[in-house]
Amino acid sequence: MEEKLRLAVGVMGNASSMLLYTTPILTFWRVIRKQNVEGFSCVPYCVALFNCCLYTWYGLPIVSCNWENFPVVTINGLGILLELSFIIIYFRCAPPNGKKKVAILVVPVILISSLIALISTFAIHDHHNRKTLVGSVGLVASIAMYGSPLVAVKQVIKTKSVEFMPFYLSFFSFLASSLWMAYGLLSHDLILAAPNLVGSPLGIMQLVVYCMYKWKKVDDEKWDVEKNEHQKDEKKVEMGADSATMPKK
């Protein structure tokens, strides 16, 4: 029963993570149309690529025992393809400073991921220690991935606009982290559960910030409409009064 529940949660975790990884498609369609990255940051996509690389490796039989973490491999393998696609599009449409920032972030991601793979393959010879090494680095990467939208949260608070923090990105981040936390606990795998214990509260915080500034924007727009209507009414009254006081011929 517990194994079936673990598998079901893993499937739901895969589905929610797929939605999380595909959410930026609309954002990047907008970037392609405008040929401009506007105020979007490349940090979340570079961090997500690092996370996917590590957890794909973590789930493979070289690190894990046989295919015990097969759901982890499938979704993170797909994540690598998607995040690479987003980063390439961002790089093509970014200004020179933006391209430099992408290179500074992506090169270390590839180098560190390759180094971890080499060390865990040739320097460590048992599954437990391999999982500990890859999982420990993956723990940091996962926390960074779930925390990277805080860059957008800062911008939301600064500009008082939710334009550059898509709702579905925050929502699916919360949903995916909650489901993978449950999967890790059911698998008795603290390395899988731990980062999501941080990711879930961060997702809630992002949703709260989104709702606060989304409603604030609606209230401000409503106030502006009412103010404009009031000004128009006052202008009409003034024009009526002026016409009433004009001498008749």
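Residues numbered from 1 in each chain as written. Predicted model: local features only at pLDDT ≥ 70, side-chain atom pairs only at ≥ 80, totals over all residues. Heavy atoms only, no water.

### Some thoughts on the layout of surface pockets
- Empty space within the largest pocket amounts to approximately 320 Å³.
- Looking at the largest pocket, it is lined by 14 residues, and the ones nearest its centre are Leu26, Thr27, Pro166, Phe167 and Tyr168.
- Looking at the lining of the largest pocket, the elements that each hand over two or more residues are α2 (24–34) and α8 (167–186).
- Considered class by class, the residues forming the lining of the largest pocket number nine nonpolar, three polar and two charged. (1 Å grid on protein atoms, 1.4 Å probe; cavity = no way out; pocket = protein on both sides within 12 Å on 5 of 7 lines; lining within 4 Å. Points joined across faces, edges and corners; volume = space filled by probe spheres on them. Helix = DSSP H or I, 4+ residues; strand = E, 2+ residues; numbered from the N terminus. Nonpolar A, V, L, I, M, F, W, Y, C, P; charged D, E, K, R; others polar.)

### Considering the pattern of salt bridges
- Applying the stated criterion to the full structure yields four salt bridges.
- For Arg30, the salt bridge identified is with Glu38, shortest N-O distance 2.9 Å.
- The residue Glu68 makes a salt bridge to Lys131 at a minimum N-O spacing of 3.1 Å. Placement of Glu68 in the loop between α3 (43–59) and α4 (70–93) and of Lys131 in helix α6 (residues 127–147) is noted, with a sequence separation of 63 residues between them.
- A single network of salt bridges, built from pairs that share partners, joins Arg30, Lys34 and Glu38. (Salt bridge = Lys/Arg side-chain N within 4 Å of Asp/Glu carboxyl O.)

### What to know about the packing of helix α1 (residues 2–22) against α4
- Interaxial distance between α1 and α4 falls to 10 Å at its minimum, and their mutual angle equals 0°. Viewed along their axes, α1 and α4 adopt a mutual orientation that is roughly parallel. Where α1 approaches α4, its residues Gly10, Asn14, Ser17, Met18, Tyr21 and Thr22 are matched on the opposing element by Pro71, Thr74, Ile75, Asn76, Leu78, Gly79, Leu82, Glu83 and Phe86.
- Here the contact of α1 with α4 is built from residues that sort into seven nonpolar, seven polar and one charged. (Axes fitted to C-alpha atoms, helices over the stretch in contact; angles between N-to-C directions. Parallel < 35°, antiparallel > 145°, perpendicular 65-115°, else oblique. Contact = heavy atoms within 4.5 Å.)

### Regarding the nonpolar core
- Counting residues in each nonpolar core, the largest one holds 46 residues, and the members touching the most others are Ile87 and Tyr90.
- Elements with a minimum of two residues in this core: α1, α2, α3, α4, α5 (96–123), α6, α8 and α9 (190–245).
- For this core, the element with the most residues is α3, which contributes twelve residues.
- Non-local contacts of Tyr90, meaning those with residues more than four positions away in its chain, are made with Phe28, Val37, Phe40, Ser41, Cys42 and Val102.
- One finds Val153, Val156, Val162 and Tyr210 within the second-largest nonpolar core, a separate group that totals eight residues. (Core = buried A, V, L, I, M, F, W, Y, C linked by side-chain atoms within 4.5 Å. Buried < 20%, exposed > 50% of the residue type's maximum accessible area, 1.4 Å probe, protein only.)

### Examining helix α7 (residues 150–159)
- If you check which residues of α7 are buried, you get Ala152, Val153 and Val156. Along the axis of α7, the buried residues cluster in a sector spanning 105°; they form a single face. Facing away from the buried side of α7, by more than 90 degrees, are the exposed residues Lys154 and Lys158.
- Positive backbone phi, approximately 60°, marks Lys160, located one or two places after α7. (Arc of directions from axis to C-beta.)

### Let's talk about the environment of Ile88
- Topologically, Ile88 is positioned in helix α4.
- Accessibility expressed as a relative area gives 52% for Ile88, which makes it exposed.

### A short note on the environment of Ile191
- In this fold, Ile191 is placed in helix α9.
- Between the alpha carbons of Ile191 and Thr132 there is a distance of 7.7 Å; along the sequence they are 59 residues apart.
- If sequence neighbours within four positions are ignored, Ile191 has contacts with Tyr55, Tyr58, Lys131, Thr132 and Gly135.

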